[in-house]
Amino acid sequence: MEIFGKDFKPPHCPRPNCKAHLKYDQPGQWSKAGTYTTKVLGKSIQRFACHVCGGTYSRQAFSIHYWQKMHLAGHELMMMAVSGACNRQITRILKVAPSTIDHHLARLGRHNMLFHLKTIENAPPLREVVIDGFETFEFSQYYPMHLNLAIEKNSHFLYYFNDSPLRRKGRMTAYQKQRRQELEQLNGKPDPKAVEKSTKDLLGFTLRGAESAIVYSDKHPAYRRAIRSLEMNITHLTVSSKERRDHHNILWGGNLADLLLRHCGPNHKRETIAFAKRRNTM
Ligand SMILES: [Zn+2]
């Protein structure tokens, strides 16, 4: 939103408990109320008074930099984050504190999610969807998880995703098996139906409003059960995950997303020290 210039008009009151929080729909519900200057911007910032709730606020309430003492270029920062640089590397390039990058990226992530949902809000329902489980982990390798991806088959547009915890599997040493047991006694085991439940939610959202659809996936049994539990006319086509994963494969959209996520995000690379400490920072 362009917030500089004399013509800026606040579209709504930023205070969440105000009746005009969603929209100013009548004239005279707000007025200008002086200005102030900050060291960060070095210019005059307009303040406004809300006549609905009686509060005041500045145009900064509508800025992505609200309350930030350092204004970094959001687009450049995002491009660094999705180009394989981990947070500490970005701090060394920009010569700022690590927490500054963490906070900026967390805010950018929230804005990107909102922007994405806003963009697909009125999009027509998908007809052909590839679903895929992207395996990664949070905190330590004892906490693996799936990012369940829904991808439009022909454009490869990543439409929506959610997550589900997994139990650590695969080859483990005797110590690792014992450690897994200790952690499971402490924190409980992940829900064995987590992938099925998340896939149901994923498709429920992705195919909302569609009369029928074709879903492509590998032969994971949770997908079949999730699709059966949805009361929709869905044709489910499966391919073995051992099939060659090139662009002739009908799951290519999912395979490509997996490749790019691992290629661009340092936290998803094998044996990395840049793994996500919490899943909301992925
Ligand atoms: Zn208000």
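Asker: Is there a simple way to explain the overall build of the chain in this structure?
Answerer: Looking only at helices and strands, one finds seven helices and eight strands in the chain. Taken along the three principal axes of its C-alpha coordinates, the chain extends 65 × 50 × 40 Å. For the chain, buried positions account for 37% of its 282 residues. The chain carries 44 positive and 24 negative side-chain charges, and their two centres are separated by 7 Å.

Asker: What is the right way to look at the packing of aromatic side chains in this model?
Answerer: Aromatic ring pairs are described here by two measures, namely the spacing of the ring centres and the angle between the planes. Taken as a whole and judged by the stated rule, the model has 10 aromatic pairs. Geometrically, the ring pair formed by Trp30 and Phe48 is edge-to-face, given 5.5 Å between the ring centres and 80 degrees between the ring planes. Taken together, the residues Trp30 in strand S1 (residues 30-37) and Phe48 in strand S2 (residues 44-50) connect sequence positions 18 residues apart. With relative accessibility at 1%, the residue Phe48 sits in the buried group. An aromatic cluster is built from Phe8, Trp30, Phe48, Tyr57 and Phe62, whose rings are joined through pairwise contacts. Above the ring of Tyr216, the side-chain terminus of Lys153 is found at 5.1 Å from the ring centroid.

Asker: Got a minute to help me understand the domain arrangement of the chain in this structure?
Answerer: As a measure of interface size, the accessible area lost when the parts come together is often cited. With domains assigned, the chain is organised as domain 1 (1-69), domain 2 (74-117) and domain 3 (124-281). Contact residues are listed per partner, giving eight residues for domain 2 and eight residues for domain 3. Put simply, domain 2 and domain 3 have zero salt bridges between them. Across the domain 2-domain 3 interface, the total number found is two residue pairs in polar contact (both at pLDDT 80 or more). Taken together, the residues of the side of domain 2 that touches domain 3 break down into five nonpolar, three polar and no charged.

Asker: What should I look at first to understand unusual backbone geometry in this one?
Answerer: Leaving glycine out, the prevailing phi sign among residues is negative, and the prevailing peptide bond configuration is trans. Positioned with a positive phi, Lys95 is a non-glycine residue whose angle comes to about 55 degrees. Considering the arrangement of structural elements, one finds Lys95 in the loop between helix H2 (87-94) and helix H3 (98-120). The class for Lys95 is exposed, based on a relative accessible area of 74%.

Asker: How should the packing of helix H5 (residues 194-206) against helix H6 (residues 221-229) be read in this particular structure?
Answerer: The packing of two helices is summarised by the inter-axis angle and the distance between the axes. Two elements in contact, H5 and H6, have axes separated by 8 Å at closest approach and are oriented at 50 degrees. By the angle class used here, H5 and H6 are oblique. For the crossing formed where H5 meets H6, the hand is right-handed. Side by side, H5 and H6 meet where Val195, Glu196, Thr199, Lys200 and Leu203 of the first sit next to Ala222, Tyr223, Arg225, Ala226, Ile227 and Ser229 of the second.

Asker: It is not clear to me how the side chain of Gln46 should be interpreted in this structure. Could you clarify?
Answerer: By the secondary structure assignment, Gln46 is in strand S2. A residue is classified by how much of its surface remains accessible, and Gln46, at 18% relative accessible area, is buried. Among the polar contacts made by the side chain of Gln46, one reaches the main-chain carbonyl oxygen of Gly34 at a distance of 3.1 Å.

Asker: Whenever I open this one, the coordination of the zinc ion confuses me. Can you help?
Answerer: The textbook angles at a metal center are 109.5 degrees for a tetrahedron of four donors and 90 or 180 degrees for an octahedron of six. Protein coordination at the zinc ion: the donors are Cys13 (SG), Cys18 (SG), Cys50 (SG) and Cys53 (SG), at 2.3 Å from the metal. The coordination sphere of the zinc ion comprises four donor atoms, whose angles at the metal cover 104 to 115 degrees; the geometry is tetrahedral. Each donor residue of the zinc ion belongs to the same chain, with the gaps between them written as C-x4-C-x31-C-x2-C. Highlighted residues: Cys13 in the segment before S1 and Cys53 in the loop between S2 and strand S3 (56-58), separated in sequence by 40 residues.

Asker: Which parts of the structure should I look at to understand the environment of Cys264?
Answerer: Among the structural elements, Cys264 can be located in helix H7 (residues 252-264). Each C-alpha atom, one on Cys264 and one on Tyr175, is 33 Å from the other, the two residues being 89 residues apart in sequence. Those residues in contact with Cys264, other than ones at most four positions away along the chain, are Ala81, Val82, Ser83, Gly84 and Lys269.

Asker: Would you take a moment to explain the nonpolar core for this structure?
Answerer: Where a protein is soluble and globular, its nonpolar side chains tend to be buried together. In terms of nonpolar packing, the biggest core is built from 19 residues, with Val129, Ile131, Leu203, Leu207, Val215 and Ile234 touching the most fellow members. Counting residues in each nonpolar core, the second largest holds 10 residues, with Met145, Tyr216, Val239 and Leu251 among its members.

What counts and how
- Residues numbered from 1 in each chain as written.
- Predicted model: local features only at pLDDT ≥ 70, side-chain atom pairs only at ≥ 80, totals over all residues.
- Heavy atoms only, no water.
- Helix = DSSP H or I, 4+ residues; strand = E, 2+ residues; numbered from the N terminus.
- Buried < 20%, exposed > 50% of the residue type's maximum accessible area, 1.4 Å probe, protein only.
- Lys, Arg positive; Asp, Glu negative; His and termini not counted.
- Charge placed at Lys NZ, Arg CZ, Asp CG, Glu CD.
- Phe/Tyr/Trp six-rings, centres within 6.5 Å; stacked < 30°, edge-to-face > 60°.
- Lys NZ or Arg CZ within 6 Å of the ring centre and 35° of its normal.
- Domains from an automatic or database assignment.
- Contact = heavy atoms within 4.5 Å.
- Salt bridge = Lys/Arg side-chain N within 4 Å of Asp/Glu carboxyl O.
- Polar contact = N/O pair within 3.5 Å; in protein donor to acceptor, adjacent residues only side chain to side chain.
- Nonpolar A, V, L, I, M, F, W, Y, C, P; charged D, E, K, R; others polar.
- Axes fitted to C-alpha atoms, helices over the stretch in contact; angles between N-to-C directions.
- Parallel < 35°, antiparallel > 145°, perpendicular 65-115°, else oblique.
- Left-handed = near helix turned anticlockwise from the far one by under 90°.
- Donors = N, O, S within 2.8 Å, 3.2 Å for Na, K, Ca; no water.
- Tetrahedral: all angles 85-135°; square planar, octahedral: opposite > 155°, others 65-115°.
- Core = buried A, V, L, I, M, F, W, Y, C linked by side-chain atoms within 4.5 Å.

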